[in-house]
Amino acid sequence: MYHIVCPAKYRRAIFTEEVDKILREICLEIAKRYEIIFLEIGVDKDHVHFLVQSVPMYSPKKIVQTIKSVIAREVFKKVPEVKKQLWGGEFWSDGYLVSTVGKHGDEDMIAHYIKKQGQEKAYKRLHKQKKGENPNQLTLF
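Heads up: these notes are all about the structure in this document.

Right, let's get into the nonpolar core. Within the largest apolar cluster, 35 residues are counted, with the highest numbers of intra-cluster contacts made by Phe-15, Phe-50, Ile-71 and Phe-91. Dropping the residues within four chain positions of it, Ile-71 is found in contact with Leu-23, Ile-26, Cys-27, Ile-30, Phe-50, Phe-91 and Trp-92.

Attention shifts here to the sheet that holds strand 5 (residues 124-128). Spatially, 4-1-3-2-5 is the arrangement adopted by the five strands of the open sheet, whose pairing is antiparallel. The sheet is open, and its two edges are formed by strand 4 (97-100) and strand 5, each paired on a single side. For this sheet, the mean inter-axis angle between neighbouring strands, taken without regard to orientation, is 20 degrees. As defined by bridge partners, strand 2 (residues 36-43) adjoins strand 3 (residues 47-54) across seven bridges and the pair is classed as antiparallel. Along strand 3, the bridge assignment pairs Gly-42 with His-49. Taken strand by strand, helix 1 (residues 17-33) contacts strand 2, strand 3 and strand 5, and its axis lies near 170 degrees from that of strand 2.

This brings us to the environment of Cys-6. Relative to the helices and strands, Cys-6 resides in strand 1 (residues 2-7). Classification of Cys-6 as buried rests on a relative accessible area of 1%. A sequence separation of 37 residues divides Cys-6 from Val-43, and the C-alpha atoms of the two residues are 9.7 Å apart. Among residues more than four places away in sequence, those in contact with Cys-6 are His-47, Val-48, Phe-50, Lys-68, Trp-92 and Tyr-96.

Reading guide: rules and limits
Residues numbered from 1 in each chain as written. Predicted model: local features only at pLDDT ≥ 70, side-chain atom pairs only at ≥ 80, totals over all residues. Heavy atoms only, no water. Core = buried A, V, L, I, M, F, W, Y, C linked by side-chain atoms within 4.5 Å. Buried < 20%, exposed > 50% of the residue type's maximum accessible area, 1.4 Å probe, protein only. Contact = heavy atoms within 4.5 Å. Pairing = 2+ DSSP bridges. Helix = DSSP H or I, 4+ residues; strand = E, 2+ residues; numbered from the N terminus. Axes fitted to C-alpha atoms, helices over the stretch in contact; angles between N-to-C directions.

Structure follows, in structure tokens:
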């Protein structure tokens with residue numbers, strides 16, 4: 001399980017209600033096509049937090065590349081105004097944070113950490129998968 005943080009290019013505040021809705025839809029489509037399960041998705045004004053689980057065949061880098069590339073392509077296609085805000089034509093900053101979530105850093109603790117980042121008023125949870133909700137969810141330990 002990984003906690004991934006991806007900032008928008010130039011740390012621009014591009015996550016509006018419309019972009020948030022599309023971001024959630026895209027992530028749930030990624031989950032259907034790839035073996036990446038989104039346990040939680042949260043946005044602040046200029047970055048996104050993902051709590052994901054995947055198969056061991058996918059490296060953290062591969063997971064992040066997949067998520068970032070599909071989201072960027074689809075958001076630019078569905079909300080062209082975002083591309084105008086990001087004059088360089090790139091959706092994400094080059095960097096990202098990936099940390100593992102293990103037995104001692106459980107998902108509730110990470111979800112609490114994510115919620116406390118930035119200004120609480122600005123953070124919005126877009127998706128939270130309940131335990132046992134997805135029969136395809138991978139089992140830890």
